[in-house]
Amino acid sequence: MGWTDNLFTGIHEIDLQHQVLFDIVARLEQAVTLDDKWSAVHFALVELTNFVNVHFAVEEALMRLHCYPGLEAHIADHKMFSTVLAEIKKHSIREDVSAEMTKWLNHWLVNHIGIADHAYVPHLRTAAIVSTPLG
Ligand code: FEO
C-alpha cells in the first residue's frame, strides 16, 4: 500500500500534496516499525496532522469554488480521518502507536484518494474556470 500512479488525479497541485502525505505516512510507518523513540512517531503524526489540514482545506476550497455536489459528504469523510488521526496522536503520548494504526491511515488515504478524490475530478474539469489552472 502507499502511493501508486493510479492515484494520480491529473490536478498537479493535488497530486503533489497527496505524494507528500504518503511520504509522511512512510516516515511514520518506518518510525513505528523500527521502534524509534516515541517523539519521532509523535512528531511524524504532528507533521501529518498539519499537512493534512492544509490539504483538506485546499481541496474543500476547490470543490466549494466549483459547486461540487458531493462537497458535504467529502468534508464528512475528511473530518472522520482528522478525528481518528487526532486520537492516534493523543494515544502516541501515552502508549506505542501500533503498525495497525499506521496501516489504517495508509489504507484510508489510498481508498479515499482512489474513490472520493477521483470522483470530483470530472466535475472540476468540466467547470470552465478551472480548465487552465488545474492543468
Ligand atoms: Fe485528497 Fe479528499 O483528500
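What comes next is a walk through the structure.

Rules used in this analysis
Residues numbered from 1 in each chain as written. Predicted model: local features only at pLDDT ≥ 70, side-chain atom pairs only at ≥ 80, totals over all residues. Heavy atoms only, no water. Helix = DSSP H or I, 4+ residues; strand = E, 2+ residues; numbered from the N terminus. Expected span 1.5 Å × (residues − 1). Bend = angle between axes of the 7 residues up to and from the residue. Buried < 20%, exposed > 50% of the residue type's maximum accessible area, 1.4 Å probe, protein only. Polar contact = N/O pair within 3.5 Å; in protein donor to acceptor, adjacent residues only side chain to side chain. Salt bridge = Lys/Arg side-chain N within 4 Å of Asp/Glu carboxyl O. Contact = heavy atoms within 4.5 Å. Phe/Tyr/Trp six-rings, centres within 6.5 Å; stacked < 30°, edge-to-face > 60°.

Further remarks concern helix H4 (residues 99–126). With 28 residues, H4 ought to run about 40 Å at 1.5 Å a step, and its terminal C-alpha atoms sit 41 Å apart, in line with that. The axis of H4 is deflected most strongly, by about 35°, at isoleucine 113.

Let us now look at the side chain of threonine 49. Mapping threonine 49 onto the fold places it in helix H2 (residues 38–65). Judged by relative accessible area, which is 15%, threonine 49 ranks as buried. Within the structure, threonine 49 has its side chain in polar contact with the backbone oxygen of leucine 45 (distance 2.7 Å).

Note on pairing: side chains with opposite charge can pair once their charged atoms come close. Going through the model one piece at a time under the given rule, you end up with 2 salt bridges. Across the pair glutamate 47 and arginine 27 runs a salt bridge, and its minimum N-O distance is 2.6 Å. Here glutamate 47 is found in helix H2, whereas its partner arginine 27 is found in helix H1 (residues 12–33), with 20 residues between them in sequence. A salt bridge links lysine 90 to glutamate 87; the nearest nitrogen and oxygen atoms lie 3.7 Å apart. Note that lysine 90 and glutamate 87 are positioned in helix H3 (residues 71–94) at a spacing of 3 residues, about one turn of the helix. Owing to a relative accessible area of 46%, glutamate 87 belongs among the partly exposed residues under this scheme.

What follows is about the environment of asparagine 106. Relative to the helices and strands, asparagine 106 is located in helix H4. Linking asparagine 106 and phenylalanine 22, residues 84 residues apart in sequence, is a C-alpha distance of 7.5 Å. In contact with asparagine 106, other than residues within four places in its own chain, are Met1, Gly2, Phe22, Val25 and Glu29. Within the structure, asparagine 106 has its side chain in polar contact with the side chain of glutamate 29 (distance 3.0 Å).

On to the packing of aromatic side chains. Throughout the structure, instances matching the rule amount to 7 aromatic pairs. Relative to tryptophan 104, the ring of phenylalanine 81 lies with its centre 6.1 Å away and its plane at 15°, an arrangement referred to as stacked. Note that phenylalanine 81 is positioned in helix H3 and tryptophan 104 in helix H4, a separation of 23 residues in sequence. Judged by its relative accessible area of 32%, tryptophan 104 falls in the partly exposed class. Among the aromatic residues, ring-to-ring pairing joins Phe56, Phe81, Trp104 and Trp108 into one connected group.

Turning to its location among the elements, threonine 102 is positioned in helix H4. A residue is classified by how much of its surface remains accessible, and threonine 102, at 3% relative accessible area, is buried. Apart from the residues lying within four places of it in its own chain, the contact partners of threonine 102 are Leu28, Glu29, Val32 and Val97.

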